[in-house]
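Residue-level structure breakdown
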Amino acid sequence: MEKRKLAFIGAGNMSRSLISGLIQSGYPATAIMATNPSSEKLERLAADFGIHISQDNTQATEWAQAIVLAVKPQMMANMLAELQAQGASLDGKLLISIAAGISVSRLEQMTGQQSIIRTMPNTPSLLGLGMTGLYARPHIEQSERDYAEHMMQAVGKTLWVSDEDGINQVIAAAGSAPAYFFLFMEAMAAQALQSGFSEQEARLLVQQTALGAANMVAANPDISLSELRAQVTSKGGTTAEAIRHFQEQGLAQLVANAMTAAVTRARELETQL
Ligand SMILES: NC(=O)C1=CN([C@@H]2O[C@H](COP(=O)(O)OP(=O)(O)OC[C@H]3O[C@@H](n4cnc5c(N)ncnc54)[C@H](OP(=O)(O)O)[C@@H]3O)[C@@H](O)[C@H]2O)C=CC1
Ligand SMILES: O=C(O)[C@@H]1CCC=N1
């Protein structure tokens, strides 16, 4: 892939995940810079990955050809206003936002720029196992789409959405979703602990099973999820009893409601920020 000089504005959890995945995929550390107001996270990034670091957003944006906007949604307007106040020019740079809840048109207003791609990655990008949704307005050139896509493909899989609300659906199904699986695993580990396993044993049982289940899905694209479930579920056996409990207590509806709540929150942020 093209190795543009790439700056991450905001060196938090998601930037660290993306930077780690990019470095593992062979993106040159010398072509990456991260900024943050405080130095601690930056120093860890420099020590772990050998990238450039700076506490000066203007310096980073001037250096970069592509810029990942990776601050919290609530910080975005201030951060971009400060850049403009300092006279930083974003002309000719590709802006890649990873923020939830900030629309492209709002980003255009905040930056005065049009070359913007909205993305929604997730933290497994850290391991090259990310899932990223991308959205661009029709006027965005193919070369810019390709760069953003290849960058995200370096850290996992990608999916373009054709209308912008699709990004909010990606948040619910992928961006926020690692946390759902962690929550489920926490609940399972807590019960395993309760039943007499040590913390370490409980974690081993849960993590290896989650890994195995995810790999079973990935390795069998022609087998439906419900068929994979059926293969575990002996008639009159133990799994059937557990599944009956989940179903009687409305797991599918609960998941649907939770995902809808994530979408609603993303849309709400879009009206507020
Ligand atoms: N975490 C996730 O799983 C995902 C997050 N996202 C999006 O990624 C973005 C970042 O989220 P996340 O990494 O979780 O958040 P974090 O809070 O971990 O990271 C944001 C970073 O931005 C820094 N920051 C604050 N103000 C500025 C500024 N003016 N200039 C430069 N850096 C600044 C913060 O510094 P300080 O150290 O001082 O707090 C912090 O390190 C959000 O917009 C979120 O919607 C998208 C997909 C998944
Ligand atoms: O919770 C959030 O708002 C961000 C967006 C997706 C994951 N984390």
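Keep in mind that what you see is a predicted model, and the values were worked out from it rather than measured.

As a further point, take the UniProt feature "domain: Pyrroline-5-carboxylate reductase dimerisation" (unreviewed entry) in the protein chain. Sites flagged by UniProt as "domain: Pyrroline-5-carboxylate reductase dimerisation" (unreviewed entry) map to residues 164-269. The span residues 164-269 is 83% helix and 0% strand, and its two end C-alpha atoms sit 14 Å from each other.

Let's shift gears to the pairing of strand E6 (residues 116-120). Here E6 lies mainly inside the structure; five of its five residues are buried. Residues Ile116, Arg118 and Met120 point to one face of E6 and Ile117 and Thr119 to the other, with burial holding for every one of them. Following the chain from strand E5 (residues 94-97) across helix H5 (residues 104-111) to the adjacent parallel E6, one finds a crossover that is right-handed. The pairing of E6 with strand E7 (residues 130-136) spans four bridges and is antiparallel.

With that settled, the discussion passes to the site of ligand 1. Close to ligand 1 lie 24 residues, the nearest being Met14, Asn36, Lys41, Asn57 and Val71. At 2.8 Å, a backbone N or O of Met14 approaches an oxygen atom of ligand 1. Asn36 places a side-chain nitrogen or oxygen 2.8 Å from an oxygen atom of ligand 1. Contact with the protein chains covers 79% of the free accessible surface of ligand 1, which is 890 Å². Breaking the shell around ligand 1 down by element, the ones donating at least two residues are helix H1 (13-24) and helix H4 (73-85). For the shell around ligand 1, the element with the highest residue contribution is H4, accounting for three residues. Here the residues of the shell around ligand 1 are counted per class, giving 14 nonpolar, eight polar and two charged.

Calculation rules
Residues numbered from 1 in each chain as written. Chains lettered and ligands numbered in written order. Predicted model: local features only at pLDDT ≥ 70, side-chain atom pairs only at ≥ 80, totals over all residues. Heavy atoms only, no water. UniProt positions renumbered as here; feature names shortened; annotations may be inferred. Helix = DSSP H or I, 4+ residues; strand = E, 2+ residues; numbered from the N terminus. Buried < 20%, exposed > 50% of the residue type's maximum accessible area, 1.4 Å probe, protein only. Right-handed = clockwise from strand over helix to strand, strands pointing away. Pairing = 2+ DSSP bridges. Near = heavy atom within 4 Å. Polar contact = N/O pair within 3.5 Å; in protein donor to acceptor, adjacent residues only side chain to side chain. Areas by Shrake-Rupley, 256 points an atom, 1.4 Å probe, with all protein chains shown as cover. Nonpolar A, V, L, I, M, F, W, Y, C, P; charged D, E, K, R; others polar.

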